[in-house]
Amino acid sequence: RGSAEKMSTTRSADDPKNTAPSLLTLPKSDFGQKEIKDKLVLIELPTELKISDLQGHHGRAKIVGAPTSARLVTANKGTFELSKVETSNALIMIPPLTLFENEPSASAPTTEEEEEQSSSSNDGCKRAKASLVEMPARKIDSSFMELQRILIDRNALHEILIKCEYDPYEHANNVDNIKQSSSSYSFGKSVRELAQLLLVSDLEILEALQDMHAFPITPSNQHAEERYSYLSEEVQKEISEEILAHLVEDGVEDLDKLHVGGCIQSVMLKLQSGNVDGNDMHKPEDVIRYCLKLLSKAPFRFDDGTVSDDAVIQLSVDKIALMMAHQLFNERQDPWLLSEFEYEWNGRMQTRMPGTGVEYRPSMDLLKGVALRQRGVNDVGGKRKSTENKIYLKYFPESKITMDIAKRFDVLFSENERWILEELEPYVNPLTKSVNFSQAEILLKFARVIIDEDGKQWYQKR
């Protein structure tokens, strides 16, 4: 069984009435395995894959990659790694065939042959038996391959998107010199390009881009492919603040009924009035819609129609509060005293965010994976010594740490020698989307558990 490159080679098995293909043959050249000298290569499909998943309306599956790291990429069932198995108990099921009788048998027919002859047609043609003939695959020259589901390497995707970060101001300045069809185009990557680089399906790329809140770059050339990248943090901060300024100046009190078209027009007018040096932004309306999606209560989706001009969206107060928390941390390099941060955070929400009311207090749970609590320390004689019981907040955003698992744990344990599970979880959970391991399995491999004298459980570097 294998990829659906040449589906004309399939045969129905066992039941002649069964038209669903269950046996597939492919030329060995499709596998790119030069070291394979066997006459037959068998691929065992996992339970979640069917032959119908490799062909038809869902698109064809394909085998990609180098000879030593081949993968089976399907259109909508994910990507599977091909690996060679030394031994196998597989049986080759030979489908029923029609046999022609050219010469009479020299020996007396057996009982089995008599049964076959009794079912022969008048034209001398024998009909095959109803059941398949089983042949142990290990008795012939054959190689055995198995498929194991793998997840998209989000760390690799993250690194690619960082290198081609999108700055709409830079785009506007160079748009006349950019050809969207050129491979030298510096902003973003198309889904097709990313799928080829990471050896996964287009669908897996799109799902990951959406989950990572990538910015869709609409091409100036209508025939070019849409491209994706991260939006410049400076631009995202600028536009988000203009959106909040629009809410204050226009007296928008109901955050559940924000008119998209009116907000976009207001922000674009502000951008135009503040543009005294002629530094235009390329397609600012796309950037504003993107930032509105990030602040919306609805899950982030590409092309879902939630930010069309005539739409009304609901803004998330918690997302706005989290955005303001990031701004506060970026305004100073030193850690915040917890009490001062809470005071400033609450005050900023009440003065800059209409509709929240004086009763609203952002939850400190929003800062999980954003900041770490630390006891106050001073440097005394070159040694860090605890001098007070005051608690500080140190900016330590999960989104800024590499997605490479081993390197991430090096960063985590460089920051703190030991962690409690509650503080560690926000930095570990995102890794489960890139590997076939649970949080518990990742912690078991990269950390060890210790119990202190109070019976409290901590995680240290393994």
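Definitions and cut-offs
- Sequence order sets the numbering: in each chain, residues are counted from 1 along the sequence as written.
- Restriction of local features to residues with pLDDT of at least 70 applies here, the model being predicted, together with a cutoff of 80 or more for giving and counting side-chain atom pairs; totals for whole chains, interfaces and linings are based on all residues.
- The side-chain quantities take in all heavy atoms of the structure and omit both hydrogens and water.
- The predictor's confidence in any single residue is recorded as pLDDT, a number from 0 to 100.
- Contact definition: two residues touch when any of their heavy atoms are within 4.5 Å.
- Pairing of aromatic side chains here covers Phe, Tyr and the six-membered ring of Trp, requires ring centres within 6.5 Å, and sorts the geometry by plane angle: under 30 degrees stacked, over 60 edge-to-face, intermediate tilted.
- Strands here are runs of E lasting at least two residues and helices are runs of H or I lasting at least four, both read from the DSSP assignment and numbered beginning at the N terminus.
- Using a 1.4 Å probe on the protein chains alone, a residue whose accessible area is under 20% of its type maximum counts as buried, one over 50% counts as exposed, and one in between counts as partly exposed.
- Criterion for a charge above a ring: Lys NZ or Arg CZ within 6 Å of the ring centre, and within 35 degrees of the ring normal.
- Space inside and on the surface of the protein is sampled on a 1 Å grid over the protein atoms alone, with a cavity defined as a set of points where a 1.4 Å probe fits but cannot get out and a pocket as an open set with protein on both sides within 12 Å along at least 5 of 7 lines; lining residues have an atom within 4 Å of a point.
- Grid points are joined across faces, edges and corners, and a volume is the space filled by probe spheres set on the points.
- Each residue receives one of three labels: charged for Asp, Glu, Lys and Arg, nonpolar for Ala, Val, Leu, Ile, Met, Phe, Trp, Tyr, Cys and Pro, and polar for the others, Gly being one of them.
- Strand pairing requires that DSSP identify at least two bridges connecting the strands.
- For every element, the axis is a line fit to its C-alpha atoms; helices are fit only across the contacting stretch, and the angle between N-to-C directions ranges from 0 to 180 degrees.
- Reported orientations rely on four angle classes, namely roughly parallel under 35 degrees, roughly antiparallel over 145, roughly perpendicular from 65 to 115, and oblique for the rest.

Time to look at the confidence of the model for the protein chain. Any segment with low pLDDT has predicted coordinates that should not be analysed in fine detail. Across the protein chain, the average pLDDT comes to 78, with 70% of residues at or above 70. Note that residues 1-24 has pLDDT below 50 and, in this model, 63 contacts with residues that lie over four places away or in other chains. Between residues 378-383, whose pLDDT stays under 50, and residues either more than four places distant or in other chains, the model counts six contacts.

Turning our attention to the packing of aromatic side chains. Evaluation of the coordinates by the stated rule reveals 14 aromatic pairs. A centroid spacing of 5.7 Å and a plane angle of 80 degrees characterise the contact between Tyr290 and Phe300, whose relative ring orientation is edge-to-face. Taken together, the residues Tyr290 in helix α8 (residues 284-295) and Phe300 in the loop between α8 and β14 (312-313) connect sequence positions ten residues apart. Taken as a pair, Tyr290 and Phe300 share a single burial class, namely buried. Summarising the aromatic geometry, the rings of Phe329 and Tyr395 are spaced 5.0 Å apart at their centres and angled 10 degrees between planes, so their arrangement reads as stacked. Pair noted here: Phe329 is in helix α9 (residues 317-330) and Tyr395 is in strand β17 (residues 383-395), with a separation of 66 residues, a long-range link. Phe329 sits in the buried class, given a relative accessible area of 4%. Judged by its relative accessible area of 24%, Tyr395 falls in the partly exposed class. Of the aromatic side chains, those joined through ring pairs into one cluster are Tyr166, Phe215, Tyr228, Tyr290, Phe300 and Phe302. Above the plane of the ring of Phe300 lies Lys293, whose end atom (NZ or CZ) is 5.8 Å from the centre.

Each pocket or cavity is described by its volume, and for the largest pocket that value is around 1900 Å³. Around the largest pocket, the lining is made up of 41 residues, and of these Met212, His213, Gln236, His326 and Ser399 lie nearest the centre. Among the elements of the structure, α2 (154-163), α6 (233-249), α8 and α9 are those that each provide at least two residues to the lining of the largest pocket. Broken down by element, the lining of the largest pocket gets its largest block of residues, six residues, from α9. In terms of residue class, the lining of the largest pocket is made up of 19 nonpolar, ten polar and twelve charged.

Our next topic: the sheet that holds strand β19 (residues 447-451). With respect to topology, three strands assemble into an open sheet ordered β18-β20-β19, the strand pairing being antiparallel. For this open sheet the edge positions go to β18 (418-419) and β19, each flanked by a neighbour on one side alone. Summarising the sheet, β19 and strand β20 (residues 457-461) pair through five bridges and their orientation is antiparallel. Across the sheet, the residue bridging to Val449 is Tyr459, located in β20. Helix-sheet contacts for helix α11 (residues 405-415) involve β18, β19 and β20, and the interaxial angle to β20 is about 115 degrees.

Turning next to empty space enclosed by the protein. One pass over the full model with this rule turns up one cavity of 30 Å³ or more. Of the volumes computed, that of the largest cavity is approximately 40 Å³. The wall of the largest cavity is formed by Tyr166, Phe215, Pro216, Ile217, Thr218, His282, Lys283 and Asp286. Here the element with the most residues in the lining of the largest cavity is strand β11 (residues 215-217); it accounts for three residues. By residue class, the composition of the lining of the largest cavity is four nonpolar, two polar and two charged.

Let's shift gears to the packing of helix α12 (residues 421-428) against helix α13 (residues 439-446). A pair of packed helices is characterised by two quantities: the angle between their axes and the separation of those axes. With their axes 11 Å apart at the nearest point, α12 and α13 run at an angle of 105 degrees to one another. Between α12 and α13, the crossing angle belongs to the class labelled roughly perpendicular. Side by side, α12 and α13 meet where Leu421, Leu424, Glu425 and Val428 of the first sit next to Gln439, Ile442 and Leu443 of the second.

In this section: the pairing of β20. The sheet contact formed by β18 and β20 spans two bridges and is antiparallel. Paired with Arg418 across the bridge in β20 is Gln460. Linkage of β19 to β20, two consecutive antiparallel strands, is achieved through a turn of five residues, within which Gly455 is found at a positive phi near 85 degrees.

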